[in-house]
Amino acid sequence: MSSATNKVKFGLKNCHYAKATLDPATNEVTFGTPVAIPGAVNLALDPEGDTEPFYADDMVYYTTIANNGYSGDLELALVPESFRKDILKEAEDANGVLVENSDVETEHFALLFEFSGDKKKIRHCLYYCSVARPNIEGKTIEDSKEVQTEKLSIKATPLPNGLVKVKTGANTSDAVYNGWYSNVYQTESAQVSAALTGISIGSLELTPAFAVDVTSYVAETENDEDAVSATAASGTVVTILVNGAAHTSGNDATWESGTNTVTVIASKTGAVSTAYTVTVTKTGQG
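Engineer: Which residues make up the layout of surface pockets, and what values go with them?
Structural biologist: Empty space among the atoms becomes visible once a probe the size of a water molecule is rolled across them. Put simply, the largest pocket is a space of about 410 Å³. Lining the largest pocket are 23 residues, and of these T26, E28, S193, A194 and A195 sit closest to its centre. Breaking the lining of the largest pocket down by element, the ones donating at least two residues are β1 (9-23), β2 (28-31), β14 (196-201) and β21 (274-282). In terms of residue count, β1 provides more of the lining of the largest pocket than any other element does, 3 residues in total.

And the structure:
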């Protein structure tokens, strides 16, 4: 995208939410596919965090400023049912009635939105938001009908890695800008990778020993067949290929003489897929 710097901004549109899931074992957060929130009226968020001056030499010698995110309100024409079900966790029963239960905790989510500018739209993403239940309000109709909006009180806090928000700028690439609402943008340092928790091939010894962040292994066998298995955390999809052919975890793989390649791919919504390879060399007679 060509560099074009806005002088002013106005408007609010294209609000989306994307469910955020925290893995307590790794402190990694993954995001679902963004879902539109139609009818955005107003968004007002104030920064959160204390400013603490340190005095020395009879003056303010140093000032610490904490960034605890933002808090405020998102005003909507009407809170959509998808948001009520996905984030506020209102359950829809068999009769299509939305049920609110005090025992259910709301979900965290990323909030995506944009302001218009004199040159191009400015797209934002707040990574880790929580929301309070909206007020229930209404009033009688008088001489004219007045639209009665709903407000969501939002608190946006930092991710475990410290990230709070991102927004597009004058030099944002076309690919990132145009795909803003397809997936939650992840900085390179914050990208989460799907991973396996284990690979086993019969009783063969993998070299090196399996580790989550090691993706290349070798093994030797004299067997004609060995069972190939792979495990991963809940929510991660495991795909196994043996010499390019699809393989079911736990089943025996038949080896060709010489070199064989086992590829195991871990994939997860909102995460970068990771491919592990094991080069299995068949020697001798099984």
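Next comes the rest of the write-up.
Engineer: Quick rundown of the pairing of strand β10 (residues 108-117)? Include the residues and the values.
Structural biologist: The two faces of the sheet receive side chains in turn, since in a regular strand these alternate between them. With 9 of its 10 residues buried, β10 lies for the most part within the structure. Pairing between β1 and β10: 8 bridges, direction antiparallel. For K19, the partnering residue across the bridge sits in β10 and is F109. The pairing of β10 with strand β11 (residues 122-131) spans 6 bridges and is antiparallel. In the strand pairing of β11, F113 is matched with H124. Between the end of β10 and the start of β11, which pair antiparallel, lie 4 residues.

Engineer: With reference to specific residues and values, describe the state of the cysteines.
Structural biologist: For the structure on display, the rule yields 0 disulfides. C125 takes part in no disulfide bond, and the closest cysteine sulfur, belonging to C129, lies 7.8 Å away.

Engineer: Pulling in residues and values, what's your account of the packing of aromatic side chains?
Structural biologist: Under the criterion given, the structure shown has 8 aromatic pairs. With 5.9 Å between their ring centres and 20° between their planes, F210 and Y217 make a pair best called stacked. Judged by relative accessible area, which is 24%, F210 ranks as partly exposed. On the basis of relative accessibility, which here comes to 1%, the residue Y217 falls in the buried class. Each residue in the set Y17, F83 and F109 is aromatic and connected to the rest through ring pairs, giving one cluster. Sitting over the ring of F115, K9 keeps its end group 4.4 Å from the ring centre. Above the ring of Y177, the side-chain terminus of R123 is found at 4.2 Å from the ring centroid.

Engineer: Which residues make up unusual backbone geometry, and what values go with them?
Structural biologist: Residue P208 follows T207 across a cis peptide bond; omega there is -5°. Looking at where P208 falls in the secondary structure, it is placed in the loop between β14 and β15 (216-221). If you check the backbone angles, N14 has positive phi at about 55° while not being a glycine. By secondary structure assignment, the location of N14 is in strand β1. Note on N14: relative accessible area 32%, which makes it partly exposed.

Engineer: Outline the pattern of salt bridges, supporting the account with residue identities and numerical values.
Structural biologist: Applying the stated criterion to the full structure yields 10 salt bridges. One connected set of salt bridges, linked through shared partners, spans K19, K89 and E107.

Engineer: Can you explain the sheet that holds β14? Please cite residues and give values.
Structural biologist: With antiparallel pairing, the 3 strands of this open sheet are ordered in space as β14-β16-β19. Whereas interior strands pair on both sides, the edge strands pair on one side only; in this sheet they are β14 and β19 (252-254). Pairs of neighbouring strands in the sheet enclose a mean axial angle of 30°, with direction left out of account. With 3 bridges joining them, strand β16 (residues 225-232) and β19 adopt antiparallel strand pairing.

Procedures and definitions
- Residues numbered from 1 in each chain as written.
- Predicted model: local features only at pLDDT ≥ 70, side-chain atom pairs only at ≥ 80, totals over all residues.
- Heavy atoms only, no water.
- 1 Å grid on protein atoms, 1.4 Å probe; cavity = no way out; pocket = protein on both sides within 12 Å on 5 of 7 lines; lining within 4 Å.
- Points joined across faces, edges and corners; volume = space filled by probe spheres on them.
- Helix = DSSP H or I, 4+ residues; strand = E, 2+ residues; numbered from the N terminus.
- Buried < 20%, exposed > 50% of the residue type's maximum accessible area, 1.4 Å probe, protein only.
- Pairing = 2+ DSSP bridges.
- Disulfide = S-S within 2.5 Å.
- Phe/Tyr/Trp six-rings, centres within 6.5 Å; stacked < 30°, edge-to-face > 60°.
- Lys NZ or Arg CZ within 6 Å of the ring centre and 35° of its normal.
- Salt bridge = Lys/Arg side-chain N within 4 Å of Asp/Glu carboxyl O.
- Axes fitted to C-alpha atoms, helices over the stretch in contact; angles between N-to-C directions.

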